[in-house]
Amino acid sequence: MNLKSKDLLGLKDISAEEIDYILETAKTMKYIITSNNKRTPHLQGKSIITLFYENSTRTRLSFELASKYMSASAANISASDSSVLKGETLIDTGRTIDRMGTDVIIIRHPMSGAPQLLAKHVKASVINAGDGMHEHPTQALLDMFTIKEKKGGIKGLKIAIIGDVYHSRVARSNIWGMQKLGAEVCVAGPATLLPPGIEKTGARVFSTVQEALIDADVVMGLRIQLERQKKGLFPTVREYSRFFGLDDKRLLFAKENALVIHPGPVNRGVELSSTVIDSDRSAIDEQVTNGVAVRMALLYLLTRRSGNENLN
Amino acid sequence: MRILIKNGHLVDAKTGRNGIFDILVRNGKIADIGNDFEDTNCDLVDASGLYVIPGLVDAHCHLRDPGFEYKEDIESGTRSAAKGGFTSIACMPNTNPAADSEALIKYIINKARSDGFVNVYPIGTITKGQKGEELAEIGELKFAGAVAISDDGKPVKSSSLMKKALQYASMFDITVISHCEDVDLADEGVMNEGYQSTIMGLKGIPAAAEETMVARDLILAEYTKVPVHIAHVSTAVSVELIRNAKKRGVKVTCETCPHYFSLTEEACADFNTLAKVNPPLRTDADVEAIKEGLKDDTIDIIATDHAPHHKDEKNVEFAIAANGMVGFETALPLAVTHLVRPGILSMDRLVQKMCVNPSEILSISKGVLDVGRTADITIIDLDEEAIIEIDKFSSKSKNSPFNGHRLFGTVNYTIVDGKIVVREKVLL
């Protein structure tokens, strides 16, 4: 099987089979990360660029290590040191990178749709590492990988996503992906942070956390950007955590063995209580490892696709 | 120089003529309208099977001159207008510098006289530099030749200043055109707020951003008893607010644009910046309400909001792409396809909304095809289908979401001041 598109721009337009295939491939990759010799030849001779227009530590490092564990040539470009500051357009920057023999461009951008724009103008595969409020497909893939690993599957699970859904590209990618794999997705958050029409995606919307949590198998907290408070979206962090924070007491509404995940970085005591973060039910540390595995799988599948076109 | 237009179906809303007539044009004027004219010593236009209507009048366009000539200038803009069947157009003042002074209005009038292919009527600003802070010299603008005032592109945010603008403008009997947008509600929005903006992760502009401002301006017009003209109406609630105000006797007129009755927010899918426009494309329900508003005369005018932009301003991330689309060369086919052929507007009503009403609202003596009038005439084929090809546009800019659309209605002839500018669909 090969992925249909040269790019991974989001989970909205990808099939359940393709998602399964990426997650299955990631299992093998996880062996490599946990082994003593973290070096495979899967990406030997491939050139991979991360093009980040937004600050990021974990996603960027995760992609970089994934590339290096598989022997790719990898380089980074940041908006702060690129020609962006000199006024170069995204398309021109993309074309320049493309012409240097790049196989994969991994882009993070504050504006929704930037990876789509880039993908249309380059031969290289484009991976969306997060664009505005649109999608963050590799985060959703690692979330689903983690759930599959811990729960044995995704089909039939009830998954609650709690918090700032409005600004969350992680929530959007997960809503598409998890439902494709057969889960029931419930969302809850302050009314000012729920995007209009989100129920048309198939997700069920609740106005209280408790309702969304009832009998949930998986609970995902979303990061709340503290500066949203200044825009009048919620009154104080204190009030947010009182009504929407996930602590032991509130998690009693979920299933006893419910899994807790979070895309990180966590505001301790705001979205999740410290007790919950550090408890056995939390898979937050595991998610980080799985992120590298999923990204290795994706890089391998996309580059193999371009290299093997004649064979299939 | 004489032109004889033979056997066309003349539709003139003002005189009520609606049938097959011959029209004789002499010395730039309409000399005679009748039947079975014989004249060998003239330019013969066979209009059999075609509709002959007054030249189209656009109450809302952007010619980008001065300041943004890389997008459009008065020459290219008026060529594009003629190609689309428009013989008179009113251009908005958001140029650089903004048309907020007598000098700028005179520049536009003079340049249109030397370079223009159609009649150009400048619109001046309401406030100095369109900053929304102090009134522009409205009296001087009027006497320099401005046909209306508007801060189009931006609302007059202060209700107090808008009230004063209406009162002050009424002294000079000049139409005030309001761009209705509550900029706080619109916030950083880049498309209609709803399901599409949610799944694309784009900030939304709620319909309420337009509607609250429409409501405010209706209240101010009612209170001051001064007419107001609402630009580019795009939502169902705006239509309803205006319908109610008209019933109460408020002096309000309004316009919509072809894209608001032919496209929805779904045109923005896949981050299509060509469909980015302000106000944004809305929903199916809004499109239906706009059509209903046109049908029951709540909406007086179909205006183009012709807004040319360079391709580099559209070939960028959606959030930073320019707002607007070129409009002259698609307006008539869109109206024919979406309004006339489905029976929402008769040809007579279309002429009312694209010729008569805009002329009356701007107080210009256009929009009528009658003996003694200047010969501004458009001849169209309602039954011919054509594919919109942006590369063939006469505008300098090609930013249209309608590229490749198959539409009914072609502009076969445009006659301006008794001169044939478009002949057999070709701009001369």
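Quick notes on the overall build of chain B
Item 1. Helix and strand counts for chain B come out as 12 helices and 19 strands.
Item 2. Across its three principal axes, chain B shows a C-alpha extent of roughly 65 × 50 × 45 Å.
Item 3. Counting all 428 residues of chain B, 63% fall into the buried class.
Item 4. Taking as baseline every contact in chain B between residues at least 6 positions apart, the subset at least 24 positions apart corresponds to 75%.
Item 5. Summing over all exposed atoms, chain B offers an accessible surface of approximately 15300 Å²; the carbon and sulfur share of this is 48%.
Item 6. The centroid of the 46 positive side-chain charges in chain B is displaced by 3 Å from the centroid of its 63 negative side-chain charges.

Some thoughts on the sheet that holds strand β2 (residues 73-78) of chain A
Residue and element names in this part refer to chain A.
Item 1. Strand order across the open sheet formed by 4 strands is β2-β1-β3-β4, with parallel pairing between neighbours. The sheet is open, and its two borders are formed by β2 and β4 (125-131), each paired with just one other strand. Going across the sheet, the axis of each strand differs from the next one's by a mean of 15°, ignoring polarity.
Item 2. Sheet topology note: the strand β1 (residues 47-52)/β2 ladder contains 6 bridges and is parallel. In the strand pairing of β2, L51 is matched with I77.
Item 3. Along the sheet, helix α4 (residues 114-121) contacts β1, β3 (104-109) and β4; its crossing angle with β4, the most-contacted strand, is approximately 170°.

Structural notes on the domain arrangement of chain B
All names here are of chain B.
Item 1. Domain boundaries assigned for chain B yield domain 1 (2-52 + 374-389 + 407-427) and domain 2 (56-362).
Item 2. Facing 25 residues of domain 1, the contacting portion of domain 2 comprises 27 residues.
Item 3. Summed over both partners, the interface of domain 1 with domain 2 buries about 2100 Å², with 69% contributed by carbon and sulfur atoms.
Item 4. With its nearest N and O atoms 2.6 Å apart, the salt bridge here joins K14 to E360.
Item 5. On the surface where domain 1 and domain 2 come into contact, there are 7 residue pairs in polar contact (both at pLDDT 80 or more).
Item 6. Where the side of domain 1 that touches domain 2 is concerned, the elements lending two or more residues are β16 (377-387), β17 (406-416) and β18 (419-423).

A closer look at the interface of chain B and chain A
A common way to express how large an interface is: the accessible area buried when the components associate.
Item 1. Taken together, the 19 residues of chain B in the interface contact 25 residues of chain A.
Item 2. Summed over both sides, the interface between chain B and chain A buries roughly 1700 Å², with carbon and sulfur atoms accounting for 62% of that surface.
Item 3. A per-residue breakdown of the area chain B buries against chain A is headed by Y195, T198 and E317 of chain B, which together make up 35% of the total.
Item 4. The partner of D187 of chain B in a salt bridge is K231 of chain A, with the nearest N and O atoms 3.0 Å apart.
Item 5. Tallying contributions element by element places helix α6 (residues 195-200) of chain B first for the side of chain B that touches chain A, with 4 residues.

Quick word on the layout of surface pockets
Residues and elements named next belong to chain A.
Item 1. Approximately 910 Å³ is the volume found for the largest pocket.
Item 2. If you trace the largest pocket, you find 34 residues lining it, with E54, G132, H167, R169 and Q225 closest to the centre.
Item 3. Elements that contribute at least two residues to the lining of the largest pocket include exactly α2 (58-69) and α6 (169-180).
Item 4. Per-class residue counts for the lining of the largest pocket are 11 nonpolar, 13 polar and 10 charged.

A closer look at the sheet that holds strand β6 (residues 56-61) of chain B
Item 1. Strands sit in the order β6-β7-β8-β9-β10-β13-β14-β15 (chain B) across an open sheet of 8 strands; the sheet is parallel. Both edges of this open sheet fall to β6 and β15 (301-302) of chain B, since each of them pairs with a single strand only.

A look at the environment of F117 of chain B
Residues and elements named next belong to chain B.
Item 1. Examined against the element boundaries, F117 turns out to sit in the loop between α2 (102-115) and β8 (119-124).
Item 2. C-alpha of F117 to C-alpha of K83: the two residues are 34 residues apart in sequence and 9.8 Å apart in space.
Item 3. The residues contacting F117, other than those within four sequence positions of it, are E75, T78, R79, V416, V421 and L428.

Some details on the pairing of strand β5 (residues 51-54) of chain B
Residue and element names in this part refer to chain B.
Item 1. In terms of strand pairing, strand β1 (residues 2-11) meets β5 through 2 bridges, oriented parallel. Residue H9 lies in a different strand from β5, and its bridge partner there is Y51.
Item 2. In this structure, β5 lies alongside β16, joined through 4 bridges in antiparallel fashion. Its bridge partner lying in β16, I53 is registered against T378.

Looking at the nonpolar core
Item 1. Core analysis: the biggest nonpolar cluster contains 99 residues, and I89, I230, L350 and M354 of chain B have the highest contact counts within it.
Item 2. By residue number, the principal contributor to this core is helix α11 (residues 328-340) of chain B, which donates 8 residues.
Item 3. Split by domain, the residues of this core number at least three in each of domain 1 (2-52 + 374-389 + 407-427) and domain 2 (56-362) of chain B.
Item 4. In this structure, L350 of chain B is in contact with I302, L332, A335, V340, L345 and C355 of chain B, ignoring residues within four places of it in sequence.
Item 5. Formed by 64 residues, the second largest nonpolar core is a distinct cluster that contains L3, A26, A129 and L157 of chain A.

Focus on unusual backbone geometry
Item 1. In this chain, G264 of chain A is followed by P265 of chain A through a cis amide linkage whose omega measures -10°.
Item 2. You can see P265 of chain A is positioned in the loop between β9 (259-261) and α9 (274-277).
Item 3. That bond from N96 of chain B to P97 of chain B is cis: its omega, 0°, falls within 30 degrees of zero.
Item 4. Mapped onto the secondary structure, P97 of chain B falls in the loop between β7 (86-91) and α2.
Item 5. The backbone of H232 of chain B shows a phi angle near 25°, a positive value even though the residue is not glycine.
Item 6. Inspection of the secondary structure assignment puts H232 of chain B in the loop between β13 (228-230) and α8 (236-248).
Item 7. The backbone of E424 of chain B shows a phi angle near 45°, a positive value even though the residue is not glycine.
Item 8. With respect to the helices and strands, E424 of chain B occurs in the loop between β18 and β19 (426-427).
Item 9. Given a relative accessible area of 57%, E424 of chain B falls into the exposed group.

Comments concerning helix α10 (residues 284-295) of chain B
All names here are of chain B.
Item 1. Under the 1.5 Å per step criterion, the end-to-end length of α10 is 17 Å for 12 residues, consistent within 8% with the ideal 16 Å.
Item 2. For α10, the set of buried residues is D286, V287, A289, I290, K291, G293 and L294.
Item 3. Contacts from the buried residues of α10 go to α8, β14 (252-256), α9 (258-262), β15, α11 and α12 (347-361).
Item 4. In the segment just after α10, D297 is the residue with positive phi, at about 70°.

Brief notes about the packing of helix α5 (residues 137-151) of chain A against α6 of chain A
Residues and elements named next belong to chain A.
Item 1. At a closest axis distance of 8 Å, the pairing of α5 and α6 adopts a crossing angle of 55°. The pairing of α5 with α6 is recorded here as oblique in orientation. Here α5 and α6 pass one another in a crossing that is right-handed. Mapping the contact onto sequence places P137, Q139, A140, D143, M144 and I147 in α5 and V170, S173, N174, G177 and M178 in α6.

Cut-off values and rules
- Within each chain, residues carry numbers counting from 1 in the order of the written sequence.
- Chains and ligands are labelled by the order in which they are written, letters from A for the one and numbers from 1 for the other.
- Local features in this predicted model are restricted to residues whose pLDDT is 70 or higher, and side-chain atom pairs enter the listing and the counts only when it is 80 or higher, whereas totals over whole chains, interfaces and linings include all residues.
- Only hydrogens and water are set aside when side-chain values are computed; all heavy atoms of the structure are taken into account.
- The helix and strand labels rest on DSSP assignments: H or I over at least four residues marks a helix, E over at least two residues marks a strand, and numbering proceeds from the N terminus.
- Burial status follows relative accessibility: with a 1.4 Å probe on protein chains alone, a residue under 20% of its type maximum counts as buried, one over 50% as exposed, and anything between as partly exposed.
- We call two residues in contact when some of their heavy atoms are within 4.5 Å.
- What sets the accessible areas is the Shrake-Rupley method with a 1.4 Å probe; for residues, cover comes only from the shown protein chains.
- Counting rule applied: Lys, Arg positive; Asp, Glu negative; His and chain ends not counted.
- Taken as the charge centre is NZ of Lys, CZ of Arg, CG of Asp or CD of Glu, depending on the residue.
- Paired strands, as defined in this entry, are two strands with at least two bridges between them according to DSSP.
- The axes used here are C-alpha line fits, helices contributing only the stretch in contact, and every angle between their N-to-C directions lies in the interval 0 to 180 degrees.
- What counts as a domain boundary in this text is fixed by an automatic or database domain assignment.
- As a working definition, buried area equals the accessible area (1.4 Å probe) given up by two parts on being put together, with both sides summed.
- Think of a salt bridge as a Lys or Arg side-chain nitrogen and an Asp or Glu carboxyl oxygen that are within 4 Å of each other.
- Within 3.5 Å is the distance limit for a polar contact, defined as a pair of N or O atoms, with the added protein rule that one can donate a hydrogen and the other accept it, and that residues adjacent in sequence qualify only through two side-chain atoms.
- Using a grid of 1 Å spacing that covers the protein atoms alone, one calls a set of points a cavity when a 1.4 Å probe fits there but cannot get out, and a pocket when the set is open and has protein on both sides within 12 Å along at least five of seven lines; lining residues are those with an atom within 4 Å of a point.
- Grid points are joined across faces, edges and corners, and a volume is the space filled by probe spheres set on the points.
- Charged means Asp, Glu, Lys or Arg here, nonpolar means Ala, Val, Leu, Ile, Met, Phe, Trp, Tyr, Cys or Pro, and polar covers whatever is left, Gly included.
- We call a set of buried residues a nonpolar core when its members are Ala, Val, Leu, Ile, Met, Phe, Trp, Tyr or Cys and they connect through side-chain atoms within 4.5 Å of each other.
- The span expected for a helix works out to 1.5 Å for each residue beyond the first.
- Should an angle lie under 35 degrees it is considered roughly parallel, over 145 roughly antiparallel, and from 65 to 115 roughly perpendicular; all remaining angles are considered oblique.
- A crossing counts as left-handed when the near helix is turned anticlockwise from the far one by less than a right angle, and as right-handed when that turn is clockwise.

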